[in-house]
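What follows is each chain in one-letter form.
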Amino acid sequence: MITHPIFENTKVAFALKSDAELERAYFLFKMISIQPLVKIGTAATNFAIKASLPVEGLIRVTVFNHFCGGVNEKDCLPVIDKMYEKGVSSVLDYSVEGKESEFEFDAALEKVLKIIDFAREREAMPFAVFKPTGFGRFYLFEKLGKGESLTEAESEEWQKVEQRFDAVCSKAKENDISVLIDAEESWMQDASDNLVTKMMRKYNTEKAIVFNTLQMYRHDRLQFLKEQHELAKREGFYLGYKLVRGAYMEKENERAEKLNYPTPICKNKFATDTNFDNAVKYMLEHLNDMYMFAGTHNEDSSYLIMQQMHEKAIANNDSRIWFGQLYGMSDHISFNLASKGYNVAKYIPFGPVKDVMPYLIRRAEENTSVAGQTGRELNLLTKEKKRRKLEEDI
Ligand SMILES: Cc1cc2nc3c(=O)[nH]c(=O)nc-3n(C[C@H](O)[C@H](O)[C@H](O)COP(=O)(O)OP(=O)(O)OC[C@H]3O[C@@H](n4cnc5c(N)ncnc54)[C@H](O)[C@@H]3O)c2cc1C
């Protein structure tokens, strides 16, 4: 059920989808809603890719085309242009994950730098994005996070990680593009947070160029935000934060149980929702010091932001506030918000089919496990199909 009328307009939501694309999306979400199918499908796909079976074509015409913009940045151009006609910006996300070598980290860096070049020429692309572990070994982030000292060789390796972060942030500042830095597992996050704060201190002197991510399913993040605020005020830089709920909940809880420490995750969904909304309120209360990118598909949280902006007489298109959704999901939020003049950007993942599989699997699992999410997409698609049919009949 759609909880706020503003998000109900399916004509606006799906204006960019042809009838055939609407049917494909419906079929896809119908498949994803069947949990055993996702489980079997995921295992079979992983196996087929490892065994080099020719499944890429099938993946491409189904999940890949729905959730990704293409294999390279040029493939994404038609999507970027079409969305921007409706006021929705794009964040090109090179979604290759799980790489561990220096060569691959440098390749990821080159990719992000190239995206900034690409974005420089396009108003439709105000942000670049990267994952911390795309630029350095998970192990190093984890070791630093534990407060352990690095060996000489590891220190040199870490220097390179810092240089990669710096190269992106510095180029972003030169070109007036903002950078969203994703958050990952809590046991690597401290080292990343320290590094991102360093980047904010250096590059957020006039406005927020560098954005870190706060996963509000972590019960310590509101306090962290407040501490960062104090630090930023003291040292005179702007904060940029992408607010999300968090994508690694099962993994976090399982690890905490296995290693016998208290889970960093809020005790239930309601607590996460409250925590997220409190962070929204805090950020909007202190908008002179910070910029917010709300990465969410949650209608209540999106509505809360609109409501708070209205109450505080903040313009819909205030450049310090952005709404973000993932390509292929929650178009009813993105396009309806954009039609009312809010700043909206969608993450468009791209990359070779087999390399974006972890991302695609997360989306499939998320849409299976997040109660109501798939049902909601299916209801909206059905409503739009009916609306079009009625329009045809008239
Ligand atoms: C633009 C964008 C960027 C993103 N970037 C990141 C990122 O950098 N890092 C990252 O981790 N995720 C990221 N995500 C994913 C995000 O964290 C969520 O997994 C996803 O958006 C679903 O949450 P939601 O706010 O849309 O709302 P909902 O669908 O209302 O909430 C689902 C979320 O609530 C939380 N939750 C569910 N059940 C419980 C429970 N029992 N107890 C406690 N909490 C619970 C979980 O976080 C779950 O994902 C991003 C999402 C978007 C849209």
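Above this text you will find the structure in question.
Bear in mind the structure is a predicted one, so any value in this text is a computation, not a measurement.

Enquirer: Help me get a handle on the environment of G98, residues and values and all.
Expert: For G98, the position within the fold is in the loop between β1 (88-94) and α6 (102-120). Classification of G98 as exposed rests on a relative accessible area of 76%. Considering only alpha carbons, one finds G98 and D355, 257 residues apart in sequence, at a separation of 8.6 Å.

Enquirer: Tell me about the environment of I321, residues and numbers included.
Expert: With respect to the element layout, I321 can be found in strand β7 (residues 321-326). Linking I321 and Y342, residues 21 residues apart in sequence, is a C-alpha distance of 8.3 Å. Once you skip the residues sitting within four places of it in the chain, I321 turns out to touch L284, L287, M292, I305, M309, I314 and N343.

Enquirer: Outline the pattern of salt bridges, supporting the account with residue identities and numerical values.
Expert: Considering all chains together, one arrives at 33 salt bridges under this definition. For E230, the salt bridge is made with K233, and the minimal N-O distance between the two is 3.5 Å. Within this pair, E230 and its partner K233 are both found in helix α10 (residues 221-235), separated by 3 residues, close to a single helical turn. The partner of D318 in a salt bridge is R320, with the nearest N and O atoms 2.9 Å apart. Shared partners join several salt bridges into a network, and the residues in it are D19, E384, R387, R388 and E391.

About the criteria used
Residues numbered from 1 in each chain as written. Predicted model: local features only at pLDDT ≥ 70, side-chain atom pairs only at ≥ 80, totals over all residues. Heavy atoms only, no water. Helix = DSSP H or I, 4+ residues; strand = E, 2+ residues; numbered from the N terminus. Buried < 20%, exposed > 50% of the residue type's maximum accessible area, 1.4 Å probe, protein only. Contact = heavy atoms within 4.5 Å. Salt bridge = Lys/Arg side-chain N within 4 Å of Asp/Glu carboxyl O.

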